[in-house]
Amino acid sequence: MFRIDFNKLRFLVCDDNPHMRRILRTLLHSFGAREVYESEDGATALEMYSHYAPDIVITDWSMPIFDGLELTQMIRQPESKGNPFAPIIMLTGHSEKRRVTVARDAGVTEFLAKPISAKALYQRILNVIANPRPFIKTKTYFGPDRRRNTTATYIGPERRGNGESEVVSQPSLLEKARSSI
Amino acid sequence: MANDKRDSLHVETFRDHHVITQPNPLRKVLRRVSEKDLDDPVARAEKALASLSGEFKNWMLTEVDRLAAAQAALLKQGVNAASRDELFRAAHDIKGDAATFGYPSAAAVAESLCRIIEHAPDLAQVPSELIVHHINAIQAIVRNHTRLDTVTTASELSRQLRGVADEFLTRVNRDRPEHLEAVLAPSIAPGD
């Protein structure tokens, strides 16, 4: 059985609703987190993201001016100076299938529909820590692999071309981001 | 060097995509514990959440006041992008928060109101009573929450309002297949 050492994790919480921020802060501190940075809009969150280099981002979707979807898209810039790989948990009142798809295509790692519960939040955090997915970069997408499972019985068209593969090693962007603080 | 290998990204390049794998930087925060370990972070967090519950009624009243103010602004200014967005955000926050705060019926009514705002072709053409009834229902559910006999009434009220709203949205979106599909689709988003 595994436990998470929350006191070693740095969180960035972005929600325009102060009550929801209070709930999230309470839950994360109760789990054991010490470093929880808060923002009430996406623009401030992006600044804080660059400044604090959090390990995990938890963001609402609907916010004025600069929403959680735009925040995700800004973080998931492969050429950016910051870390484009941080897990992003989208915590939102939106619960429709097409919203989940849009969030996934923006590069969100996990989607959690409100109402929030301690158990659901803990499970999402555990999942992004224990089961990170590789990142995929195409002309139109950069983010966690959207294929969570492989299905041997899949009979639709194969959208990813194979061909030759080349393995290129690069320095970790996370370490680079951390070292530049 | 060993460190270089551990800290590096591996990029597999294919014809039309790259697969990027990096060593898990968060693995170090996972700690193996005995099955007999009694520490339960979820239970601890639930207890902390319960300790906040005394504030939930006031928080809900604040949310309800914000919704009423958004409606008043809509009536005063007419429907424009700002008044529509604020009404939606106020309703959407209640949809997301109310169940956590112990008001699931208010969340259900707020969800119905959000669907009206999102899927009506023209909010100015929505019968004003439909919006007013939703807002009044949310206010009544929150203000009378402590009365035990209101629980089933609130549930029935939210169910009936959702029925009326869905009937309206199905009718006005009959020639808008994308919206009609969204109106009729079940919620599938992952929660617990």
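Residues numbered from 1 in each chain as written. Chains lettered and ligands numbered in written order. Predicted model: local features only at pLDDT ≥ 70, side-chain atom pairs only at ≥ 80, totals over all residues.

**Description of the overall build of chain A**
Our working definition: Starting at the N terminus, helices and strands are each numbered in turn, a helix being any DSSP run of H or I of at least four residues and a strand any DSSP run of E of at least two. Comment: burial labels come from other C-beta atoms within 10 Å of the residue's own C-beta, placed from the backbone, where a count of 20 or more is buried, 12 or fewer is exposed, and between is partly exposed. Two residues form a contact once the distance between their C-beta atoms, set from the backbone, is within 7 Å.
Per the secondary structure count, chain A includes six helices and nine strands. By the burial criterion, 43% of the 181 residues in chain A qualify as buried. When contacts within chain A are restricted to residue pairs at least 6 apart in sequence, long-range pairs at least 24 apart make up 62% of them.

**Overview of the overall build of chain B**
The condition that has to hold: Values of the radius of gyration come from C-alpha atoms, whereas the globule rule sets the reference at 2.2 Å times the count of residues to the power 0.38.
Within chain B, the regular secondary structure consists of eight helices and three strands. Reading the secondary structure of chain B in the N-to-C direction produces α-β-β-β-α-α-α-α-α-α-α. In summary, chain B has a C-alpha radius of gyration of 23 Å against a globular reference of 16 Å for 192 residues, an excess of more than 25%. Burial statistics for chain B: of 192 residues in total, 29% are counted as buried. Put simply, 58% of the contacts in chain B that link residues at least 6 apart link residues at least 24 apart.

**Considering the confidence of the model for chain B**
Do not read the predicted coordinates in detail wherever pLDDT is low. Residue and element names in this part refer to chain B. To keep things clear, this is the line we draw: On a range of 0 to 100, pLDDT expresses the predictor's confidence in each residue.
Across chain B, the average pLDDT comes to 87, with 91% of residues at 70 or higher. The low-confidence segment residues 1–6 (pLDDT under 50) makes one contact with residues lying over four places distant or belonging to another chain. For this predicted complex, the interface confidence reaches an ipTM of 0.82, while the overall pTM sits at 0.85.

**Here we look at the pairing of strand β5 (residues 88–92) of chain A**
All names here are of chain A. Applied cut-off: When the strands point away from the viewer, a crossover counts as right-handed if the route from the first strand across the helix to the second turns clockwise. Two strands form a pair only when DSSP identifies at least two bridges running between them.
Of all five residues in β5, five are buried, a share of seventy percent or more. Of the two faces of β5, the one lined by I88, M90 and T92 and the one lined by I89 and L91 are each fully buried. Chirality of the crossover, the property in question, places the unit of strand β4 (residues 56–59), helix α3 (residues 68–75) and β5 among those that are right-handed. Summarising the sheet, β5 and strand β6 (residues 110–113) pair through four bridges and their orientation is parallel. The partner of M90 across the bridge, within β6, is F111. After leaving β5, the chain enters helix α4 (residues 97–106) and then returns to the sheet as β6, a path that is right-handed.

**Quick word on the interface of chain A and chain B**
Counted only if it meets this: Three classes are used, and their members are as follows: Ala, Val, Leu, Ile, Met, Phe, Trp, Tyr, Cys and Pro are nonpolar, Asp, Glu, Lys and Arg are charged, and the others, Gly among them, are polar.
Counting residues at the interface gives 60 residues for chain A, matched by 53 residues for chain B. Mapped onto the side of chain A that touches chain B, the elements with two or more residues apiece are β1 (2–4), α1 (18–31), α4, β6, α5 (118–130), β7 (135–137), β9 (166–171) and α6 (173–179) of chain A. The element contributing the most residues to the side of chain A that touches chain B is α1(A), with seven residues. Looking at the side of chain A that touches chain B, its residues break down into 28 nonpolar, 18 polar and 14 charged. Pairing between β7(A) and strand β2 (residues 18–21) of chain B: three bridges, direction antiparallel. Counterpart to F135(A) in the pairing with β2(B) is I20(B).

**Considering unusual backbone geometry**
Residues and elements named next belong to chain A. The peptide bond linking K114 to P115 adopts the cis configuration, its omega dihedral lying at 10°. When you line up the elements, P115 lands in the loop between β6 and α5. At A53, a position not held by glycine, the phi torsion is positive, near 45°. Topologically, A53 is positioned in the loop between α2 (42–52) and β4. Residue A53 is classed as partly exposed on the basis of its 18 C-beta neighbours within 10 Å.

**Brief notes about the nonpolar core**
Threshold: Here, a nonpolar core denotes buried Ala, Val, Leu, Ile, Met, Phe, Trp, Tyr and Cys residues that are linked to one another through C-beta atoms within 7 Å.
Counting residues in hydrophobic clusters, the biggest one holds 48 residues, and the most contacted among them are F11(A), L27(A), I56(A), V57(A), I58(A), I89(A) and M90(A). Looking at which element gives the most residues to this core, the answer is α1(A), with six residues. Filtering out sequence-adjacent residues up to four positions away, M90(A) remains in contact with T59(A), W61(A), G68(A), A103(A), V108(A), F111(A) and L112(A). Counting 36 residues, the second largest nonpolar core, distinct from the first, contains W59(B), L67(B), I94(B) and A107(B).

**Some remarks on the packing of helix α5 (residues 104–119) of chain B against helix α6 (residues 128–143) of chain B**
Residues and elements named next belong to chain B. Cut-off, in case you're wondering: The axes are straight lines fitted to the C-alpha atoms, using for helices just the contacting stretch, and the angles between their N-to-C directions are given from 0 to 180°. Orientation labels follow simple angle bins: below 35 degrees gives roughly parallel, above 145 gives roughly antiparallel, 65 to 115 gives roughly perpendicular, and whatever is left gives oblique. Working rule for handedness: look at the near helix, and if it is turned counterclockwise from the far one by less than a right angle, call the crossing left-handed; if clockwise, right-handed.
Relative orientation of the contacting elements α5 and α6 amounts to 160°, with a least axis distance of 9 Å. With respect to α6, the axis of α5 lies roughly antiparallel. In this structure, the crossing between α5 and α6 has a hand that is left-handed. Contacts from S105, A106, V109, A110, S112, L113 and I116 of α5 reach α6 at L130, I131, H134, A137, I138, I141 and V142. Residue composition of the contact of α5 with α6, grouped by class: eleven nonpolar, three polar and no charged.

**A closer look at the environment of A103(A)**
All names here are of chain A. In this fold, A103 is placed in helix α4. Classification of A103 as buried rests on a count of 22 C-beta atoms within 10 Å. Residues A103 and I89 lie 14 residues apart in sequence; the distance between their C-alpha atoms is 9.9 Å.

**Regarding the environment of R99(A)**
With respect to the secondary-structure elements, R99(A) resides in helix α4. For the pair R99(A) and Q123(A), spaced 24 residues apart in sequence, the C-alpha to C-alpha distance is 21 Å.

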